[in-house]
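Residue-level structure breakdown
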Amino acid sequence: MQNNTFSTLFIGQNLIKLSAVDSTNNYLKILSSNSEPLPEGTVIMAEHQFAGRGQQGSVWMAEPGKSLTFSLLLRPSFISAEQQFKLNMLVSVALNNVLLKYLPNGLTIKWPNDIYVDDRKIGGVLIENIVAGSNIKQSIIGIGLNVNQTFFDGEAQVRATSISQILQQDVNLMVLLSEICTQIEQLYLKLRSGKDTQLRDLYVSKLYRLNQLAKYSHKGEVFEGIMEGISEVGLLRIKPLNGKAVEFGFKEVAFVWE
Ligand code: BTN
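Now for a look at the structure at hand. Predicted model, so just to flag it, every value in this text is computed and none were measured.

**What about the site of the ligand?**
Taken together, 21 residues form the shell around the ligand, and within it Ser23, Gln49, Arg53, Gln55 and Lys121 come nearest. Glutamine 55 has a polar backbone atom sitting 2.7 Å from an oxygen atom of the ligand. Contact distances for the ligand include 2.6 Å between an oxygen atom and a side-chain N or O atom of lysine 121. Across the complex, the protein chains shield 98% of the 420 Å² of accessible surface that the ligand would expose by itself. When residues of the shell around the ligand are traced back to their parent elements, those giving at least two are helix 1 (24–33), strand 3 (52–53), strand 5 (68–74), strand 8 (120–132) and strand 9 (135–145). It is strand 8 that provides the largest number of residues to the shell around the ligand, a total of four residues. Class assignment for the residues of the shell around the ligand results in five nonpolar, 13 polar and three charged.

**With respect to the nonpolar core**
Core analysis: the largest hydrophobic core is formed by 64 residues, its most contacted members being Leu68, Trp111, Ile163, Leu176, Ile180, Tyr203 and Ile230. Ranked by the residues each element gives to this core, the list is headed by helix 2 (residues 85–102), at eleven residues. Each of domain 1 (15–205) and domain 2 (213–255) contributes no fewer than three residues to this core. Excluding its chain neighbours within four sequence positions, the residues that come into contact with tryptophan 111 are Phe85, Tyr203, Leu207, Ile230, Gly234, Leu235, Leu236, Phe248, Gly249, Phe250, Val253 and Phe255.

**Details of the packing of aromatic side chains**
Enumeration over the complete set of coordinates arrives at eleven aromatic pairs. With 5.6 Å between their ring centres and 90° between their planes, phenylalanine 85 and tyrosine 203 make a pair best called edge-to-face. Residue phenylalanine 85 is found in helix 2, and its partner tyrosine 203 is found in helix 6 (residues 199–205); the two are separated by 118 residues along the sequence. Each member of the pair, phenylalanine 85 as well as tyrosine 203, is classed as buried. The structure contains a cluster of three or more aromatic residues connected by ring pairs, namely Tyr116, Tyr208, Tyr216, Phe223, Phe248, Phe255 and Trp257. Note that lysine 110 overlies the ring of phenylalanine 255, its terminal NZ or CZ placed 4.5 Å from the centroid.

**Let's talk about the pattern of salt bridges**
Tallied over the full model, the rule gives nine salt bridges. Between glutamate 128 and arginine 53 there is a salt bridge, with its nearest N and O atoms 2.9 Å apart. Taken together, the residues span a long stretch of sequence, with glutamate 128 in strand 8 and arginine 53 in strand 3 at a distance of 75 residues. Residue classification places glutamate 128 among the buried residues on the basis of a relative accessible area of 18%. We classify arginine 53 as partly exposed; its relative accessible area is 29%. Three or more residues are tied together by salt bridges with common partners; here these are Lys29, Arg53 and Glu128.

Scoring rules and cut-offs
Residues numbered from 1 in each chain as written. Predicted model: local features only at pLDDT ≥ 70, side-chain atom pairs only at ≥ 80, totals over all residues. Heavy atoms only, no water. Near = heavy atom within 4 Å. Polar contact = N/O pair within 3.5 Å; in protein donor to acceptor, adjacent residues only side chain to side chain. Areas by Shrake-Rupley, 256 points an atom, 1.4 Å probe, with all protein chains shown as cover. Helix = DSSP H or I, 4+ residues; strand = E, 2+ residues; numbered from the N terminus. Nonpolar A, V, L, I, M, F, W, Y, C, P; charged D, E, K, R; others polar. Core = buried A, V, L, I, M, F, W, Y, C linked by side-chain atoms within 4.5 Å. Buried < 20%, exposed > 50% of the residue type's maximum accessible area, 1.4 Å probe, protein only. Domains from an automatic or database assignment. Contact = heavy atoms within 4.5 Å. Phe/Tyr/Trp six-rings, centres within 6.5 Å; stacked < 30°, edge-to-face > 60°. Lys NZ or Arg CZ within 6 Å of the ring centre and 35° of its normal. Salt bridge = Lys/Arg side-chain N within 4 Å of Asp/Glu carboxyl O.

Spelled out as structure tokens, the structure:
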């Protein structure tokens, strides 16, 4: 479906709205591997995503019609495989920038790319890249954002929130999607033209628990440390109370809740 309502150059111009799908990431992956080339910036959104996937094999649940569940196709061949964390930074900073308009207080990015309000998760990102040679050939960026959902099940009850739960007011999903596409496009075009000098600093400045003493766990052991930032390739740098700073990969460290 061609979309003429977003004021973007390419992101979201080819917008495919599905009433129900297992996962928009899966759907976009299959569509992009078909012989007909899909335009860069294609967005697949689902009203009901019934088997949404999260990071590290987790599931992403969203009440049908109440939240944003969508995936975006990019071909960032100008980004090397080694620098792929730039995409994580770009998307989480873009989401943060858009949400700031609605939620001016307490908004942070929980490394690597969860969107938090105070101590609760409001959004998550699942980026699936295909690398060719030393560069990224294709990136499927899946975004789940809790918008008008006010009831959360199970563990999410204590750890999740939504825009409407905070504002006590519903937000228009298509307007929000359009704002996100616009913001991602702006940052993407900057990155593509080599003018991304502030992206890393912006990302780090928004990190949840930055410069705070907090608890983490590594290989089953809990330790206290201060988050100092990230490495060149996006590893999380934490300085334990009694020791030198250590850099952790995604599966190597977990945030411990008090
Ligand atoms: C996470 O925080 O664990 C990442 C969640 C990503 C969820 C989104 S919803 C749209 C897209 N399709 C999926 O199956 N997952 C992503």
